[in-house]
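Okay, here's what each chain looks like letter by letter:
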Amino acid sequence: MDSDTHSLVATLQVVAYVKAAFLTLLVYDTLLHFGQEYRYVWKSRWSIINFLYLWTRYSTFIDSIVAVQGRVLSAQVSDSNSSLSSTERLDIHRDAEECSRVMTFTTIFAGFGIGVSEIILMIRTYALYERSQKLLAAFVVLWFSVSSVNLWAVLKWTRSFKTEASPSPVSACFLGNSNKIGLVCYASLLASETLIVLLTLWKPIQECTSLHSELVSTFYRDGVLFYLAILPFSIANVVLLFLAPPGLNLLADTPLRVMHSILCCRLVTHIRSVMSREETHTMHVASAIVFATNSVVDDGSASGHYVRV
């Protein structure tokens, strides 16, 4: 196997290992987080957020598994000095047509999944702005506009997928060349999330409010941390798609999808856990006030004793 072939094989292995690693991370986080999910999603009153959560969490397994399984390569390696030959199984698909179908499916399905998780971020911001109808209308228009542009871009992009034959004797299928219109998808995602985090930061500045409430501070902190955590993956996809050599241009698509799923789901359960703690605290305070009031009525004087239950 010559140096070019070795280089290509190493590149394809890196891509496959990265995708498999993030699929493993998704499985690990799902198992680790299932206790909170059961408490704050499955046992809670059902709402649109619950359905969005479940889609965001579990649909990610579909395209991530397909992306990993779709990379199966049979490379025939022959030693010119020997009559023996061996078959190396690497993570890439040898059939170009099937590989193109796999890439098209994972790209469209993952894009739709990320679009659904964006709704969760918009609903959080809508709640932060006290259910402003103007903001709701703006978000609806924004989501459908961006989704329409992305749908057009994705369909045009996936039609441009081309599989280039790797140097002989390796028969490989990978995204060797494509229309750069795919940048529209990642750029629009980056712009949408930047807008959401700016709205999140603008709210306390606009009202000059201090973040004394744990619930309110959690809204702001989690929103900013989500943006900062996702930003490197979004930028990496833009850079790789624009500058990376064939084989590496889709290195970061599965990591972006997995991290988007994990972080969006944690946003939901974390805010609900904080709400649960605050509700419990409020109930305790209310009970103390009731008992204190009863003490005043029964004794005819303000005893000042508060009994917590």
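Residues numbered from 1 in each chain as written. Predicted model: local features only at pLDDT ≥ 70, side-chain atom pairs only at ≥ 80, totals over all residues. Heavy atoms only, no water.

The name that an unreviewed UniProt entry assigns to the protein chain is DUF6533 domain-containing protein, with the source organism given as Mycena pura.

Enquirer: How should I be thinking about the overall build of the protein chain in this particular structure?
Expert: Counting its secondary structure elements, the protein chain contains seven helices and four strands. Element order for the protein chain, N to C, with α for helix and β for strand: α-α-β-β-α-α-β-β-α-α-α. With 309 residues in all, the protein chain has 44% of them scored as buried. At a minimum sequence separation of 6, the contacts of the protein chain that also span at least 24 residues come to 72%. Here the protein chain displays about 16400 Å² of accessible surface, and carbon together with sulfur accounts for 65% of that area. (Helix = DSSP H or I, 4+ residues; strand = E, 2+ residues; numbered from the N terminus. Buried < 20%, exposed > 50% of the residue type's maximum accessible area, 1.4 Å probe, protein only. Contact = heavy atoms within 4.5 Å. Areas by Shrake-Rupley, 256 points an atom, 1.4 Å probe, with all protein chains shown as cover.)

Enquirer: Help me out: how do you make sense of the layout of surface pockets in this one?
Expert: Empty space among the atoms becomes apparent when a probe as large as a water molecule is rolled across them. By volume, the second largest pocket amounts to about 640 Å³. Forming the walls of the second largest pocket are 31 residues, and the residues nearest its centre are Ala110, Gly111, Phe112, Ile114 and Asn150. Mapped by element, the contributors of at least two residues to the lining of the second largest pocket are α2 (48-69), α3 (96-128), α4 (133-159), α5 (183-207) and α7 (253-299). Among the elements that make up the lining of the second largest pocket, the one with the highest residue count is α3 (ten residues). Across the lining of the second largest pocket, the residue classes tally to 17 nonpolar, ten polar and four charged. (1 Å grid on protein atoms, 1.4 Å probe; cavity = no way out; pocket = protein on both sides within 12 Å on 5 of 7 lines; lining within 4 Å. Points joined across faces, edges and corners; volume = space filled by probe spheres on them. Nonpolar A, V, L, I, M, F, W, Y, C, P; charged D, E, K, R; others polar.)

Enquirer: Teacher, can you tell me more about the nonpolar core here?
Expert: Generally speaking, soluble globular proteins have nonpolar side chains that are buried together. Grouped together as the largest cluster of nonpolar side chains are 36 residues, with contacts concentrated most on Leu26, Leu121, Trp157, Phe226, Ile230, Leu256 and Met259. For this core, the elements supplying multiple residues, two or more each, are α1 (3-42), α3, α4, α5, α6 (214-243) and α7. Counting residues per element, this core draws most heavily on α7, which supplies eight residues. Excluding residues within four positions of it along the chain, Ile230 makes contact with Glu193, Leu256, Met259, His260 and Leu263. (Core = buried A, V, L, I, M, F, W, Y, C linked by side-chain atoms within 4.5 Å.)

Enquirer: Would you mind going over the UniProt feature "transmembrane region" (unreviewed entry) in the protein chain with me for this structure?
Expert: The UniProt record annotates "transmembrane region" (unreviewed entry) at residues 6-28, 48-68, 102-123, 135-155, 181-202 and 223-244. Summarising residues 48-68: 100% helix, 0% strand, and an end-to-end C-alpha distance of 31 Å. End C-alpha atoms of residues 181-202 are separated by 32 Å, and the span's content is 91% helix alongside 0% strand. (UniProt positions renumbered as here; feature names shortened; annotations may be inferred.)

Enquirer: Whenever I open this one, a nonpolar patch on the surface confuses me. Can you help?
Expert: A contiguous nonpolar patch, built from Phe34, Tyr38, Trp42, Trp46 and Phe51 and spanning about 560 Å² of accessible area, is present on the exposed surface. Per-element accounting of the nonpolar patch gives the leading share, three residues, to α1. (Patch = residues over 30% accessible without salt bridge, like charges linked within 9 Å, V, L, I, M, F, W, Y side chains within 5 Å. Salt bridge = Lys/Arg side-chain N within 4 Å of Asp/Glu carboxyl O.)

Enquirer: Looking at this structure, how should I read the side chain of His33?
Expert: Along the chain, the position of His33 falls in helix α1. Non-local contacts of His33, meaning those with residues more than four positions away in its chain, are made with Tyr53, Arg57, Cys265, Arg266 and Thr269.

Enquirer: How do you make sense of the pattern of salt bridges when you look at a structure like this?
Expert: Proximity of charged atoms lets side chains of opposite charge pair with each other. One pass over the structure, following the stated rule, counts five salt bridges. Among the salt bridges present, the one from Glu37 reaches Arg57, with a minimum N-O distance of 3.8 Å. Here Arg57 lies in helix α2 and Glu37 lies in helix α1, a separation of 20 residues in the sequence. Classification of Glu37 by relative accessible area gives buried; the value is 0%. The exposure class of Arg57 is buried, given its relative accessible area of 0%. Each of Asp29, Glu37, Arg57 and Arg266 takes part in one network of salt bridges that share partners.

Enquirer: I would appreciate a short explanation of the packing of aromatic side chains in the present structure.
Expert: Evaluated as defined, the whole model comprises eight aromatic pairs. Where Trp46 meets Phe51, the ring centres are 5.3 Å apart and the plane angle is 45°; that geometry is what we call tilted. The partly exposed category is assigned to Trp46, whose relative accessible area is 40%. One aromatic cluster in this structure is built from Trp55, Phe105, Phe109 and Phe112. (Phe/Tyr/Trp six-rings, centres within 6.5 Å; stacked < 30°, edge-to-face > 60°.)

Enquirer: Explain α6 to me, please; I cannot follow it from the model alone.
Expert: With 30 residues, α6 should cover 44 Å at 1.5 Å per step; its first-to-last C-alpha distance of 43 Å lies within 8% of that length. Its axis deflected by about 30° at Ile230, α6 carries its strongest bend there, up to four residues before the proline Pro232. (Expected span 1.5 Å × (residues − 1). Bend = angle between axes of the 7 residues up to and from the residue.)

Enquirer: Looking at this model, I keep getting lost on the confidence of the model for the protein chain. Mind explaining?
Expert: Note that predicted coordinates carrying low pLDDT should not be read in detail. The share of residues in the protein chain with pLDDT of 70 or more is 71%, and the mean pLDDT across the chain is 77. Per-element confidence in the protein chain ranges from a low mean pLDDT of 36 for strand β1 (residues 73-78) to a high of 93 for α2. This model gives residues 72-94 a pLDDT under 50, and the stretch forms 55 contacts once residues within four places in sequence are excluded. A low-confidence stretch, residues 302-309 (pLDDT under 50), is modelled with 15 contacts involving residues beyond four sequence positions or located in other chains. (pLDDT = per-residue confidence, 0-100.)

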